[in-house]
Amino acid sequence: MKITLFAMALVLFISCDTEKKTEEDIDYVAKNEADIQAYVEENNLTAVPQ
């Protein structure tokens, strides 16, 4: 029983690791804006920036 509780606690602490934040480093707002501007230019569209 003690081994089971220890194993469950170990899994809980390992799964709650907060050091892995790779996707938060990417600025998706700027990336999306650049993609939209490129699409508008490639397709000769007129857009009014907000």
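Chains are numbered independently. Their residues run from 1 in the order of the written sequence. Only residues with pLDDT of at least 70 get local features here, since the model is predicted, and only at 80 or more are side-chain atom pairs given and counted; chain-wide, interface and lining totals rely on the full set of residues. Only heavy atoms go into the side-chain values, all of them from the structure, while hydrogens and water stay out.

*Asks:* Can you walk me through helix 1 (residues 2-15) in this structure?
*Replies:* What sets the pattern is the α-helix's 3.6 residues per turn: residues three or four places apart point alike. Given a rise of 1.5 Å per residue, 14 residues ought to cover 20 Å, and the 20 Å separating the end C-alpha atoms of helix 1 matches this to within 8%. The classification of residues rests on relative accessible area computed with a 1.4 Å probe and restricted to protein chains. Under 20% of the type maximum is buried, over 50% is exposed, and intermediate values are partly exposed. Helix and strand assignments follow DSSP, with helices taken as H or I runs no shorter than four residues and strands as E runs no shorter than two, numbered in order from the N terminus. In terms of residue burial, helix 1 counts as a barely covered element, since only zero of its 14 residues are buried. Any helix carries an expected span of 1.5 Å times its number of residues minus one.

*Asks:* Whenever I open this one, a nonpolar patch on the surface confuses me. Can you help?
*Replies:* On the surface, a cluster of nonpolar side chains totalling about 400 Å² of accessible area is made up of Met-1, Leu-5 and Met-8. Along the chain, Leu-5 falls in helix 1. Judged by relative accessible area, which is 52%, Leu-5 ranks as exposed. Residues qualify for a patch when their relative accessible area is over 30% and they have no salt bridge, like charges being joined within 9 Å and the nonpolar side chains of Val, Leu, Ile, Met, Phe, Trp and Tyr within 5 Å. Every accessible area reported is derived by Shrake-Rupley at a probe size of 1.4 Å, with residue values counting cover from the shown protein chains alone. The term salt bridge refers to a side-chain nitrogen of Lys or Arg lying within 4 Å of a carboxyl oxygen of Asp or Glu.

*Asks:* Please explain the pattern of salt bridges as it appears in this structure.
*Replies:* Pairing between side chains of opposite charge can happen when their charged atoms approach one another. Under the criterion given, the structure shown has one salt bridge. Note that Lys-31 and Asp-35 form a salt bridge whose closest N and O atoms lie 3.4 Å from each other. In this pair, Lys-31 and Asp-35 both sit in helix 2 (residues 28-42), four residues apart, roughly one turn of the helix. By relative accessible area, which is 45% here, Lys-31 ends up partly exposed.

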